[in-house]
Every structure is written in C-alpha cells, then in structure tokens.
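Tertiary structure, described
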Amino acid sequence: MPPRFHPIEEADHSYFTRAPLYMTRSVDVPYPVEETWAALTDDSGPAHWTKGVKRLTWTSPRPFGVGTTREVELNSGLVLRERFFHWEEGRRKTFTGVESTVRMFRHLVEDYVVESTPDGSRLTWQWAAELHRPWTYLKPLLMRAVLEPAARSHIDGLRAHMATTR
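Scope of this entry: the structure provided in the associated data block. Note that the structure is predicted; figures quoted are calculated from it, not measured. (Residues numbered from 1 in each chain as written. Predicted model: local features only at pLDDT ≥ 70, side-chain atom pairs only at ≥ 80, totals over all residues. Heavy atoms only, no water.)

Comments concerning the overall build of the protein chain
Scanning the protein chain for helices and strands turns up two helices and eight strands. Listed by position from the N terminus, the elements making up the protein chain come as β-β-α-β-β-β-β-β-β-α. Each of the 166 residues in the protein chain was classed as buried or not, and the buried ones make up 50%. Across the protein chain, every contact between residues at least 6 apart in sequence was considered, and the portion connecting residues at least 24 apart equals 56%. (Helix = DSSP H or I, 4+ residues; strand = E, 2+ residues; numbered from the N terminus. Buried < 20%, exposed > 50% of the residue type's maximum accessible area, 1.4 Å probe, protein only. Contact = heavy atoms within 4.5 Å.)

Structural data, given as structure tokens:
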C-alpha cells in the first residue's frame, strides 16, 4: 500500500524572515564552486553525508531548474516531497516542501547558496519551517535532539564528503 501524503503549504523566500523555526549555517570548503555545486546536485546529494537522511531521489529529469522536484526519505521513515522555486545553476537553489508522509510541517523552505572564496567556496544554508500541532509542543526537544544535529551534519559534513570523493 503506498504511503499517504499530507499537503505542506508552499512558501517563498519571504518566509525566511517570519518563520517560527529558523536555522542557518555556512561552511567553507577548499574546492571550487563547480565542485561544491556538483556535490549538492548529484544523484543522491546530501544523502551521502547527512545524518538521518536515508535516500534522496530527484523526481524531475536533468537539467534541473525552477519546478524541479525531489523526494527525501529520512531514517525515521518520513518522506518529504519538495519543489524548487528558485534555481540559479551553479550558485543557488531554493525549495518549498509540498507534501509529507507525516503531518508535521505547515510550511518548510530550504535555501542553498554557493559562493567563491579566495580558498575555494562557501556554502550558506537556510532552513525555515512551521510545525503543525501536536509537534509545536515538542519544538524545543525536536530542535535540540533532531533538527539541529541534522543541520550540523548536513552542512558541516559536506567538507569531509568532498574530501573522500576527490
């Protein structure tokens, strides 16, 4: 029996300024922008190095751009469907959550920006969300025990991943 998906209300860039849950992280890597971008958009992308991510599946054909979709399956069994509403090839991609197998998120947006630095490149990541009840009551626990550790591994793990794939 296929899983049941619950809708997530789509959001845009403005949501980052008003979301009740917000995280941002940056990491410098000693590799050029092109290699960093390639790591973020390869067939399984961050599933290689992000704690809690079991599988990442692009559900749109290449070349990717605005409207591209993907599914992310977490180790917990939760599956998210995402749609990219901003795409600057080689520089920036931003998506909104559109469906989830667990009715957890009311809104969900995520943004990746890759910039050149004198020593390689920098990835800056933003994540913003609003939870449905009863998840809102667990916000402090979810942030501390699940979301923040996953965010650290998601961004900080990029450097180690890229070093092993060179």
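There's plenty left to go through after this.
What about the packing of aromatic side chains?
A complete count under the given rule lists eight aromatic pairs for this structure. A centroid spacing of 5.8 Å and a plane angle of 70° characterise the contact between phenylalanine 64 and tryptophan 87, whose relative ring orientation is edge-to-face. A residue pair is termed long-range when its members are at least 10 positions apart, and phenylalanine 64 in the loop between β3 (53-58) and β4 (69-74) and tryptophan 87 in strand β5 (residues 79-88) qualify at 23 residues. With respect to burial, phenylalanine 64 and tryptophan 87 carry one shared label: buried. When the ring of phenylalanine 105 is compared with that of tryptophan 127, the centres are 6.4 Å apart and the planes differ by 80°; the resulting orientation is edge-to-face. Residue phenylalanine 105 is located in strand β7 (residues 105-117), and its partner tryptophan 127 is located in strand β8 (residues 120-131); the two are separated by 22 residues in the primary sequence. (Phe/Tyr/Trp six-rings, centres within 6.5 Å; stacked < 30°, edge-to-face > 60°.)

Notes on the layout of surface pockets
One water molecule sets the probe size; rolling that probe over the atoms shows where empty space is left. For the largest pocket, the calculated volume is near 680 Å³. For the largest pocket, the lining is made up of 33 residues, of which Val53, Leu74, Val146, Leu147 and Ala150 are closest to its centre. In terms of residue count, the dominant contributor to the lining of the largest pocket is helix α2 (residues 139-165) (eight residues). Across the lining of the largest pocket, the residue classes tally to 24 nonpolar, five polar and four charged. (1 Å grid on protein atoms, 1.4 Å probe; cavity = no way out; pocket = protein on both sides within 12 Å on 5 of 7 lines; lining within 4 Å. Points joined across faces, edges and corners; volume = space filled by probe spheres on them. Nonpolar A, V, L, I, M, F, W, Y, C, P; charged D, E, K, R; others polar.)

Looking at the pairing of β8
The element β8 is extensively covered by neighbouring structure, given that ten of its twelve residues are classed as buried. Two strands pair when backbone bridges link them, and strand β2 (residues 21-29) and β8 are joined in this way by nine bridges, in the antiparallel orientation. Residue pairing across strands places serine 26 opposite threonine 124, the latter belonging to β8. Two elements, β7 and β8, share twelve bridges in a ladder whose sense is antiparallel. Across the sheet, residue tyrosine 112 finds its bridge partner in β8, namely tryptophan 125. Hairpin connection of β7 to β8: two residues between the antiparallel strands. (Pairing = 2+ DSSP bridges.)

Side note on the side chain of histidine 6
Mapped onto the fold, histidine 6 is located in strand β1 (residues 6-7). Given a relative accessible area of 15%, histidine 6 falls into the buried group. Sequence-distant contacts of histidine 6, that is, excluding residues within four places in its chain, are made with Val98, Glu99, Ser100, Thr101, Val102 and Arg103.

Remarks on the pattern of salt bridges
For the structure on display, the rule yields twelve salt bridges. A salt bridge links arginine 55 to glutamate 73; its shortest N-O distance comes to 2.9 Å. Linking arginine 55 in strand β3 with glutamate 73 in strand β4, this pair joins segments that are 18 residues apart in sequence. Residue glutamate 73 is classed as buried on the basis of its relative accessible area of 18%. The partner of arginine 92 in a salt bridge is aspartate 111, and the shortest N-O contact between them spans 2.9 Å. (Salt bridge = Lys/Arg side-chain N within 4 Å of Asp/Glu carboxyl O.)

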